[in-house]
Amino acid sequence: MGLKLHSLNNQIRYWDSVAYRKNFSHPLNVRLFQSMVSPEAHILDYGCGYGRTCQQLVELGFKNVIGVDASPSMIERGKHDHPHLNLHLIDDSELPYSNETFDAVLLFSVLTCIPTNLRQFRVVHEISRVLRPNGLLYISDLLLQNDTRNRWRYDEFADEFDIYGIFRLPDGAVVRHHDLEWIESLTSNFLQMALHEIDVTTMNGHPAKAFQYLGRSKGGSQ
Ligand SMILES: C[S@@+](CC[C@H](N)C(=O)[O-])C[C@H]1O[C@@H](n2cnc3c(N)ncnc32)[C@H](O)[C@@H]1O
């Protein structure tokens, strides 16, 4: 199982192949974000895709916004659609920034692309490293769903992937839906500020339940 999942984690080729075909829609909670982050803050959008949320942040008046993504085509589309944005290609392990560079990091719909506990921990650890003490981590991602279609596919792939909620999409990507208990352990080194459930539409057009988590870094790379 471990080996199989390890190779499945390297799915950037999938995201690259859909970069010009899929649109994402997890919403930024503008009121809450503006109440916690100043316009001068240094903000990183990790897994920014084609720069949708970076563009919104710039339009809202945030002055220092950087987006990074491991998919060359996502970054290419972002630079084409929004040439003024600060978007960069990264490899999926290390961020090219010093410790304590950012006041806020967004992680929107990225955990879903990173199925294993270990890889999710690594991403959150790397984010902790680049966040200043008291910096904000803002996660938006999909919850485990309760409808028959989703429960059927969680069951179908439960043996293959071991973690309930990981499944393979018909077009090949392996994705994960999350229970809140897991998100609380993933973020246990942050001070939780807010945790809301919201309704979203998935990139394939299905209504879905999601969560938004906001937490403050306790400092250090944890
Ligand atoms: C569902 S899209 C969401 C994009 C964007 N955050 C949004 O909400 O519009 C997920 C993005 O995460 C990127 N991604 C997946 N795994 C990654 C990793 N390990 N490191 C960096 N980016 C990753 C994908 O290339 C893709 O662009």
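Read on for a plain summary of the structure.

### A few points about the overall build of the protein chain
Stage number 1. Along its length, the protein chain carries eight helices and nine strands.
Stage number 2. At 17 Å, the protein chain has a C-alpha radius of gyration in line with the 17 Å of a compact globule built from 222 residues.
Stage number 3. When its C-alpha atoms are laid out on the principal axes, the protein chain stretches across 45 × 35 × 30 Å.
Stage number 4. A burial count over the protein chain gives 36% of its 222 residues as buried.
Stage number 5. Sequence separation of 24 or more characterises 68% of the internal contacts of the protein chain that already satisfy a separation of 6 or more.

### Quick look at helix α6 (residues 117–130)
Stage number 1. An ideal rise of 1.5 Å per residue puts 20 Å on 14 residues; α6 measures up with 20 Å between its terminal C-alpha atoms.
Stage number 2. Taken together, the buried positions of α6 are occupied by Gln120, Val124, Ile127, Ser128 and Val130.
Stage number 3. Buried-residue contacts for α6 involve β1 (42–46), β4 (102–108), β5 (131–142), α8 (180–186) and β9 (207–217).

### Focus on the sheet that holds strand β8 (residues 190–201)
Stage number 1. Taken in spatial order, the seven strands of this open sheet run β3-β2-β1-β4-β5-β9-β8, and their pairing is mixed. Looking at which strands have only one partner, the edges of the open sheet turn out to be β3 (86–89) and β8. Taking the axes of each pair of neighbouring strands and ignoring which way they run, one obtains an average angle of 15° across the sheet.
Stage number 2. Strand direction decides the pairing type here: β4 and β5, joined by six bridges, are parallel. Across the sheet, the residue bridging to phenylalanine 102 is leucine 131, located in β5.
Stage number 3. Where helix α4 (residues 52–59) meets the sheet, it contacts β1, β2 (64–69), β3 and β4, and its direction lies at approximately 180° from that of β2.
Stage number 4. In the packing of α6 onto the sheet, the strands contacted are β1, β4, β5 and β9, and the crossing angle to β5 comes to about 145°.

### Let's talk about the nonpolar core
Stage number 1. If you look at the biggest cluster of nonpolar residues, it comprises 46 residues, and the most contacted ones within it are Val105, Leu107 and Leu137.
Stage number 2. Sorting elements by how many residues they give to this core places β4 first, with six residues.
Stage number 3. The residues contacting leucine 137, other than those within four sequence positions of it, are Val105, Leu107, Ile127, Leu131, Thr187, Phe190, Gly215 and Ser217.

### Quick look at unusual backbone geometry
Stage number 1. Of note, the phi angle at serine 109 is positive, near 65°, even though the residue is not glycine.
Stage number 2. When you line up the elements, serine 109 lands in the loop between β4 and α6.
Stage number 3. A positive phi angle, near 75°, is found at asparagine 134, a position not held by glycine.
Stage number 4. By the C-beta count within 10 Å, which is 11 here, asparagine 134 ends up exposed.

### A closer look at the pairing of β8
Stage number 1. Both β8 and β9 contribute to a ladder of eleven bridges, which runs antiparallel. Across the sheet, the residue bridging to leucine 191 is arginine 216, located in β9.
Stage number 2. The turn linking β8 back onto β9 is made up of five residues, and glycine 205 within it adopts a positive phi angle of 85°.

### Some remarks on the environment of asparagine 189
Stage number 1. Tracing the chain through its elements places asparagine 189 in the loop between α8 and β8.
Stage number 2. Residue asparagine 189 is classed as partly exposed on the basis of its 17 C-beta neighbours within 10 Å.
Stage number 3. Separated by 52 residues in sequence, asparagine 189 and leucine 137 have C-alpha atoms that sit 11 Å apart.

### Some points on the pairing of β5
Stage number 1. For β5, the buried fraction is high: nine of the twelve residues fall into the buried class.
Stage number 2. Regarding the hand of the β-α-β motif, the stretch spanning β4, α6 and β5 is right-handed.
Stage number 3. By the bridge criterion, seven bridges tie β5 to β9 in an arrangement that is antiparallel. In the sheet register, leucine 137 faces β9, and the bridge partner there is glycine 215.

Parameters at a glance
- Residues numbered from 1 in each chain as written.
- Predicted model: local features only at pLDDT ≥ 70, side-chain atom pairs only at ≥ 80, totals over all residues.
- Helix = DSSP H or I, 4+ residues; strand = E, 2+ residues; numbered from the N terminus.
- Rg over C-alpha atoms; globule rule 2.2 N^0.38 Å.
- Buried ≥ 20, exposed ≤ 12 C-beta atoms within 10 Å, placed from the backbone.
- Contact = placed C-beta atoms within 7 Å.
- Expected span 1.5 Å × (residues − 1).
- Pairing = 2+ DSSP bridges.
- Axes fitted to C-alpha atoms, helices over the stretch in contact; angles between N-to-C directions.
- Core = buried A, V, L, I, M, F, W, Y, C linked by C-beta atoms within 7 Å.
- Right-handed = clockwise from strand over helix to strand, strands pointing away.

Coordinates in, geometry out; function isn't part of it.
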